[in-house]
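Descriptive structure summary
Given next are the chains, with one letter for each unit.
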Amino acid sequence: FKQKTAYEIRNCDWSSDVCSSDLAPLFAALIAWVALRERTERRVAAAIALTTIGIGSVMAGSLGTPTLDGDLIAVLAILAFAGTIVIWRRQPGLDRPRTLVVGSVIMAAGSSLFADWSAIDSRALLAGAGMGLIFNSTGRMLYSSAPRFAPASEVAVFAPVERSEEHTSELQSQFRIS
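Basis of the calculations
- Residues numbered from 1 in each chain as written.
- Predicted model: local features only at pLDDT ≥ 70, side-chain atom pairs only at ≥ 80, totals over all residues.
- Heavy atoms only, no water.
- Helix = DSSP H or I, 4+ residues; strand = E, 2+ residues; numbered from the N terminus.
- Buried < 20%, exposed > 50% of the residue type's maximum accessible area, 1.4 Å probe, protein only.
- Contact = heavy atoms within 4.5 Å.
- Salt bridge = Lys/Arg side-chain N within 4 Å of Asp/Glu carboxyl O.
- Phe/Tyr/Trp six-rings, centres within 6.5 Å; stacked < 30°, edge-to-face > 60°.
- Lys NZ or Arg CZ within 6 Å of the ring centre and 35° of its normal.
- Patch = residues over 30% accessible without salt bridge, like charges linked within 9 Å, V, L, I, M, F, W, Y side chains within 5 Å.
- Areas by Shrake-Rupley, 256 points an atom, 1.4 Å probe, with all protein chains shown as cover.
- Axes fitted to C-alpha atoms, helices over the stretch in contact; angles between N-to-C directions.
- Parallel < 35°, antiparallel > 145°, perpendicular 65-115°, else oblique.
- Left-handed = near helix turned anticlockwise from the far one by under 90°.

Here Leu 94 shows up in the loop between α5 (68-90) and α6 (96-112). A relative accessible area of 31% places Leu 94 in the partly exposed class. The spacing of Leu 94 and Ser 145 is 51 residues in sequence and 9.8 Å in space, taken between C-alpha atoms. Beyond its immediate sequence surroundings of up to four residues, Leu 94 is in contact with Trp 88, Thr 99 and Arg 148.

Here's what the structure looks like:
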């Protein structure tokens, strides 16, 4: 997910990348409806519809800027993210800590192949460790537990909050902002 975010920042307009995160409730509602026959409440569906119109108006002016593949990767990543919410919803008894550890190990192994380890200074390594070991892991644990108690579309509403934290961290590391 982090590698995808860095790729997005370089290959699509900032507004398209951020707005694509707001599609998570729409995708989660659709996937949950198809996979689980879970109905989305009218108030949530209305909010999703209005948000989708707003996303369309923002993204329409920058679609394909600088390349279309950045926009597509942003949307595919949010589609995958919405799918994980539905999986958590479908499997309420799934052992969250073990599942998250396995997922994290697979993601770290895959991402490490693309990392330029010589370019990572100790400050970035400590910040990454703090985010990965404390903040992101706590957030993922809580986020994966939420579908036990709320419909997938409503849990996905919190995706933009999580993604805005990722973008802040990514910008700080890309542009050395402190």
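A full pass over the atoms with the stated rule returns 4 salt bridges. A salt bridge links Arg 89 to Glu 38, with the nearest nitrogen and oxygen atoms 2.6 Å apart. In this pair, Arg 89 sits in helix α5 while Glu 38 sits in the loop between α3 (24-36) and α4 (42-60), placing the two residues 51 residues apart along the sequence. The shortest N-O distance in the salt bridge between Glu 154 and Arg 43 comes to 3.6 Å.

The next thing to look at is the side chain of Ser 153. Within the secondary structure, Ser 153 is located in helix α8 (residues 152-155). Each residue touching Ser 153, except ones within four places of it in the same chain, is listed here: Pro 25, Ala 28, Ala 29, Glu 38, Thr 40, Val 44 and Ile 48.

What follows is about unusual backbone geometry. Positive phi outside glycine occurs at Arg 37, with the angle close to 60°. By the element assignment, Arg 37 lies in the loop between α3 and α4. What makes Arg 37 exposed here is its relative accessible area of 60%.

Moving on: the packing of aromatic side chains. Inspection of the entire model under this criterion finds 1 aromatic pair. Arg 37 extends its terminal NZ or CZ atom over the ring of Trp 33, reaching a point 5.6 Å from the ring centre.

With that out of the way, let us pick up a nonpolar patch on the surface. Together, Trp 117, Ile 120 and Leu 125 make up a nonpolar patch on the protein surface, roughly 320 Å² of accessible area in all. One can find Leu 125 in helix α7 (residues 122-145).

Interhelical geometry of α6 versus α7 gives an angle of 125° and a closest axis separation of 10 Å. Relative to α7, the element α6 lies oblique. At the point where α6 passes α7, the crossing takes the right-handed sense. In this structure, α6 contributes Arg 96, Pro 97 and Leu 100 to the contact, and α7 contributes Arg 140, Met 141, Ser 144 and Ser 145.

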